[in-house]
Protein chains: 2
Amino acid sequence: MAKLTVKFIPDNKTVEVEKDRTIASAALSAGVPLNAACGGDGVCGRCRVLVRKGQVGALATGRMSLADMRKGLYLACQTTVQSDLEVEVPAESRLDMDRLSAEEIDRRLKGFYGPSEDVQSLEAAAPVKPAFTGSALTEKLYLELPPPTLQDCISDLERLYRQIQAQKDYIPEHAGLAAIRLLGELLRSAQWKVTATVGKRYGIIELLDVEPGDTASRNFGLVFDIGTTTVSGQLVDLQSARVLGTRATYNKQASFGSDVITRIMYAQKEEGLEKLHQAVVESMNAITHDLAAENSIDLNDVTCVVCAGNTTMIHLLLRIDPTYIRREPYVATANFIPVARAHEAGILVNPRALLFCLPGVASYVGGDVTAGVLACGLDTADDVNILIDIGTNGEVVVGNKEFLVCAAASAGPAFEGSGVSCGMRSSIGAIQKVTIDPKAFAVRYETIGSAPARGICGSGYIDCIAAMLTCGLLDKDGKIKAIDNPRIRATGAGREFVLAAAGENGCQADIVITEADIDNIKRAKAAIYAAVVSLLKHISLDFPAIKRIFIAGGFGTSLDIASAITIGLLPALKKETFVFVGNSSLTGARNTILSEEACATADEIAHKMTYCELSVEPGYMEEYMAALFFPHTDIARFGKK
Amino acid sequence: MAKLTVKFIPDNKTVEVEKDRTIASAALSAGVPLNAACGGDGVCGRCRVLVRKGQVGALATGRMSLADMRKGLYLACQTTVQSDLEVEVPAESRLDMDRLSAEEIDRRLKGFYGPSEDVQSLEAAAPVKPAFTGSALTEKLYLELPPPTLQDCISDLERLYRQIQAQKDYIPEHAGLAAIRLLGELLRSAQWKVTATVGKRYGIIELLDVEPGDTASRNFGLVFDIGTTTVSGQLVDLQSARVLGTRATYNKQASFGSDVITRIMYAQKEEGLEKLHQAVVESMNAITHDLAAENSIDLNDVTCVVCAGNTTMIHLLLRIDPTYIRREPYVATANFIPVARAHEAGILVNPRALLFCLPGVASYVGGDVTAGVLACGLDTADDVNILIDIGTNGEVVVGNKEFLVCAAASAGPAFEGSGVSCGMRSSIGAIQKVTIDPKAFAVRYETIGSAPARGICGSGYIDCIAAMLTCGLLDKDGKIKAIDNPRIRATGAGREFVLAAAGENGCQADIVITEADIDNIKRAKAAIYAAVVSLLKHISLDFPAIKRIFIAGGFGTSLDIASAITIGLLPALKKETFVFVGNSSLTGARNTILSEEACATADEIAHKMTYCELSVEPGYMEEYMAALFFPHTDIARFGKK
């Protein structure tokens, strides 16, 4: 078939495609990072492009008006190439695929945004932080072997094992052929002075590699938190247990949909699973490359990789078909993932390096939650604590050393800026803090990076709604009151409140919060609050019994606790109850790579955690309905009357 | 470089080679099976070819006379291609690469050749034959899983494991990614009725494969004895423990040398290791293919392969560099071989099938000997027994349930027909039984397959020397007496005795035994006898303490015990002491594949066996020197005076 040419600007990238392919698929081929939150189904309306030259075929979609199309605006995923084209991808239709700044990473990991200094960090709440013993999952051992004689003529491999046993309390039980094929020559040319890399696969000791000379000081590990939105990685020196660097980047899978459901649907398309797999591995390899370059280490010296991620992300990383995660009764192919080699997943480190994926509990409570429990030490505490991890979805764990129960709250991606009119992820230009003057309703806001406002992120919505409630702009149901103020505008779909007007402080378009947006956030916060309350009821406890609430996740880090209590997302407990733990998934993965004991503990945690399927949990729906108010129908719970 | 054409007849195969390549290397490329006992070093003189047309360049070699070269006869390994050639490969220069006949296999395995019916078989000596419990190394389990519900929503893999645990006393601890990537779809399309293949790797249970429906009755294993000369294979039904078929073929490595030393030297040449590896795997795959076709089974249903072989053969099979096996202090890279996948060695069965190699003890006491000990139950007997395995070399084990000691006798390949003037392997046309009339010295002989005599195999030499001794043709030192008889001829290198003259019964050339041949056999038998005696001395025992002597190996099967005692190869014990165990290496491999317990026992045997390096064993040289007579310097040992 004849090929047509599509040129993308301002990228200035040109690609050849067949007639009738969509502009979105052409953008994918060209490597132009188009926002496709819904996975290319024409639903989210985020992939608007301007067709400057050429003929296109456009499918009917309610997301675009005839007026837009007359201006040359089309949804890239619903528009086909009919001739050579020139297509402009505007900034708002673009995925910000740049790697996050070091400062941004720091904020995300440390868990402090703005004025929340009086909320404790995980470090400050030290007593709950577990200290693990046992050595790293891979070790390099420098060995000086006695050369063989006629009297001592055991095989080379046994000689190596004997020396390992003399130095350590273990003996390898397994070795790959690759590790021993050239062992004879290697031992002799190294004059019997070698370094053995040993891996520990849940109690099974494996000889991974043998190198000449003493390389014991060059043993590195990578840990990853694979989020639906963000992939974070850390390089760890496995000998000294020091963290050498941290990086985060957007998960390149975002081009195929913003949440796990759209990704699973995309995985069912032809080559879909492969593309999703490649996308996440590219994100990981980019981080790996940067961390290695930054620290001048050889990737061959990376001998272990530990990943924590939600169940879908881990399936996609390992190229395991995720189809049944989204079909009732929501079953994963595997929650406990066998130890594999990193290269089997496409991760570019030592080809013999081990890959551990932290075990999950259920389709919507993955290894990232297990890692969080491990990092916070929920499983070792005498007191009952709660872990709330709010990412693209929300997971809740309640427990102590006796029991652990968990649930997934179907909060949806509203807190990640999806499904809300001016929503965006917490990246540069996102409004993250809002205060409203109670008299004139003047708005003051802060954006990430102090850049011109581009949209509102999750913490911004919570702050904004809390402020609107406080100054009487909003009723308990979330409707905007009919007050005569230029910031309050009536639209066909109800009222909206203008946070920033176009032209103000470099802002390109009006940034508003609509009643529909408020309703979305209300449903999200209700889902999480109801999940917490239902889990407590499940074990016949109530909030006074709770010692601490750990707040984890990229979102959690920028959250204002007072605002969250005001809108009823979090219970009205004393401030010292709340502990920001930042990316506890990454912390748990780091604990794991540095300690066999932690690795075994993570396995025990996943086995021990009881999963509550909220959709069949008695009373959950009632709790959810009751939480669909600001802060709640039972306002006594929030210290009000 | 311009290519030249070499045509081989009678094969009628043509190949293009570069100028200056040897005819032997051209034959290898053409797939013409040339005998190259010395590995192409011009030493053995076995690769004579007739150059019918074209120009060659010949290196000087003492193996060829000028007269031969005038006739157009050359050593293929020492002669280079200088123009297009036509080369005839005569029958005697050809490796008989045809697969052995079923009858021949039967003889080799059952261990009965000719008149030895009064010597016990392993079956007859049943009390020593161990019965192993425990199931096969791979099992197929038919499972009917309860479909998941919202109340029972564990992952697919855990569901599978739970059902395995319900049916068996184990739970898999490991699974490869390949086995689980498509598990979700497979379980559902099979309506939750599947067959799991489970492998047992020394106590570690692995999920190897999952298939739809009930395939539990189709689970097969292959066991191999990888000899330097012969590769034998057996197809086993792992469910019923029945042997479905047995095949043997020459080890294709024979093209690169007849013994392990020449093969190890060949392995050091460029691509040498790879070629040797390919050759043995081709031999194994040919057997595999034939056995599968004969029994109409799908190779994908072969889930386990167990190999027994000498240390060098196992190294070459796994492409492990064998260099240091032949350099003092004779150290193998590995005696205990990790469990691998059959496909890693190139064996064409189910890609997830496990490959076990029986553990060896030392460089010259390999897994074939361990298998023999296992098969004969030396390690469980109250009485002290001896196992003598005579193949291309000789290995001896002495022991009982308390102890096991072993040694390798450097007997050389004389018993396999190498290094003796008319020697050949025990294949069609080999003289295997000889009687000599004590008056006229008339000779009666039997050949394998009753074919015209082509040469003499090991048992033929032993019979012949025994007969010559009995009728006074030979002195105790092995010199042929100066008797006036047309069968006795003087040559420049001493006397020779004519067993068969050219023209007689279709015989193409004189078949003789020379004094040099007798000397060769004498040194070989002395090495084995001295090894046995030295091992007994090592543990302060003597022959009367021995209950049984097990005779194993392709050679052992055709041995006449009386003749072997007459020449002093075996001690003069009662006939019922001797038990022919045929290919005990293959039997031990079959025991192993059928029983985890046997597999663990083989590992224990290899750990328990004490290796005696005879070259440094006090008294060994004296024993060897004393045995360099027929039957021995101390003839009282053989009931004579």
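Placed above this text is the structure.
All of the points below concern the structure found in this document. (Residues numbered from 1 in each chain as written. Chains lettered and ligands numbered in written order. Predicted model: local features only at pLDDT ≥ 70, side-chain atom pairs only at ≥ 80, totals over all residues. Heavy atoms only, no water.)

1. As for the sheet that holds strand S5 (residues 73-75) of chain A
All names here are of chain A.
Logical step 1: Here five strands make up an open sheet; going across it, the order is S2-S1-S7-S3-S5 and the pairing mixed. Bordering the open sheet on either side are strand S2 (13-18) and S5, each of which pairs with just one other strand. Taken over all neighbouring pairs, the strand axes of this sheet differ in orientation by 35 degrees on average, direction set aside.
Logical step 2: Sheet topology note: the strand S1 (residues 3-9)/strand S7 (residues 85-88) ladder contains four bridges and is parallel. Its bridge partner lying in S7, Lys-7 is registered against Glu-86. (Pairing = 2+ DSSP bridges. Helix = DSSP H or I, 4+ residues; strand = E, 2+ residues; numbered from the N terminus. Axes fitted to C-alpha atoms, helices over the stretch in contact; angles between N-to-C directions.)

2. Looking at the relation of the copies chain B and chain A
Logical step 1: For these two chains of identical sequence, chain B goes onto chain A by a turn of 180 degrees and a shift of 0.0 Å along the axis, with RMSD 0.1 Å. In short, the pair behaves as if placed about a two-fold rotation axis. In terms of proximity to the rotation axis, the leading residue of chain B is Ile-204 of chain B, whose C-alpha is 4.4 Å off the axis. (Least-squares fit on C-alpha atoms with pLDDT ≥ 70 in both.)

3. What about the interface of chain B and chain A?
Logical step 1: Contacts between the two partners involve 43 residues from chain B and, on the opposite side, 43 residues from chain A.
Logical step 2: Both faces considered, chain B and chain A share a buried interface measuring about 3,900 Å² in area, 64% of it formed by carbon and sulfur atoms.
Logical step 3: Connecting chain B to chain A are zero salt bridges.
Logical step 4: On inspection of chain B and its partner chain A, the count reaches 18 residue pairs in polar contact (both at pLDDT 80 or more). (Contact = heavy atoms within 4.5 Å. Buried area = accessible area lost by both parts, 1.4 Å probe. Salt bridge = Lys/Arg side-chain N within 4 Å of Asp/Glu carboxyl O. Polar contact = N/O pair within 3.5 Å; in protein donor to acceptor, adjacent residues only side chain to side chain.)

4. Regarding the environment of Pro-452 of chain B
Residues and elements named next belong to chain B.
Logical step 1: Inspection of the secondary structure puts Pro-452 in the loop between strand S23 (443-447) and strand S24 (455-456).
Logical step 2: You can call Pro-452 partly exposed: its relative accessible area is 43%.
Logical step 3: Linking Pro-452 and Gly-429, residues 23 residues apart in sequence, is a C-alpha distance of 5.5 Å.
Logical step 4: With residues near it in sequence (within four places) discarded, Pro-452 still touches Gly-429, Asn-505, Gly-506 and Cys-507. (Buried < 20%, exposed > 50% of the residue type's maximum accessible area, 1.4 Å probe, protein only.)

5. Considerations on unusual backbone geometry
Logical step 1: In this structure, Pro-631 of chain A follows Phe-630 of chain A across a cis peptide bond, with omega equal to -5 degrees.
Logical step 2: Inspection of the secondary structure puts Pro-631 of chain A in the segment after helix H16 (620-626).
Logical step 3: Put simply, Ile-9 of chain B and Pro-10 of chain B share a cis peptide bond, and its omega is 5 degrees.
Logical step 4: Relative to the helices and strands, Pro-10 of chain B is located in the loop between strand S1 (3-9) and strand S2 (13-18).
Logical step 5: If you check the backbone angles, Tyr-330 of chain B has positive phi at about 60 degrees while not being a glycine.
Logical step 6: Within the secondary structure layout, Tyr-330 of chain B lies in the loop between helix H9 (311-317) and strand S17 (340-341).
Logical step 7: Judged by its relative accessible area of 26%, Tyr-330 of chain B falls in the partly exposed class.
Logical step 8: A positive phi is found at Ser-450 of chain B, a non-glycine position, where the angle reads about 50 degrees.
Logical step 9: As for its position among the elements, Ser-450 of chain B is in the loop between S23 and S24.
Logical step 10: Among the residues examined, Ser-450 of chain B registers a relative accessible area of 70% and is labelled exposed.

6. Some thoughts on the sheet that holds strand S27 (residues 511-514) of chain A
Residue and element names in this part refer to chain A.
Logical step 1: What the three strands build is an open sheet, ordered S25-S26-S27; its pairing is antiparallel. Because the sheet does not close on itself, it has two edges, and the strands there are strand S25 (488-491) and S27. The sheet shows a mean angle of 35 degrees between the axes of neighbouring strands, taken without regard to direction.
Logical step 2: Sheet topology note: the strand S26 (residues 494-500)/S27 ladder contains four bridges and is antiparallel.

7. Some words on the pairing of strand S7 (residues 85-88) of chain B
Logical step 1: Summarising the sheet, strand S3 (residues 48-53) of chain B and S7 of chain B pair through three bridges and their orientation is antiparallel. Residue pairing across strands places Val-51 of chain B opposite Val-87 of chain B, the latter belonging to S7 of chain B.

8. What to know about the side chain of Thr-80 of chain A
Logical step 1: With respect to the helices, strands and loops of the structure, Thr-80 of chain A is situated in strand S6 (residues 79-81).
Logical step 2: Contacts of Thr-80 of chain A, omitting those with residues within four sequence positions, involve Asp-20, Arg-21, Thr-22, Gln-55, Val-56 and Gly-57 of chain A.

9. Structural notes on the pattern of salt bridges
Residues and elements named next belong to chain A.
Logical step 1: Scanning the model with the defined rule gives 58 salt bridges over all chains in all.
Logical step 2: Close ionic contact of Asp-519 with Arg-523 constitutes a salt bridge, the shortest N to O distance being 3.3 Å. Of the two residues, Asp-519 and Arg-523 both sit in helix H12 (residues 515-538), four residues apart, roughly one turn of that helix.
Logical step 3: Note on Asp-519: relative accessible area 27%, which makes it partly exposed.
Logical step 4: For Arg-523, a relative accessible area of 36% corresponds to the partly exposed category.

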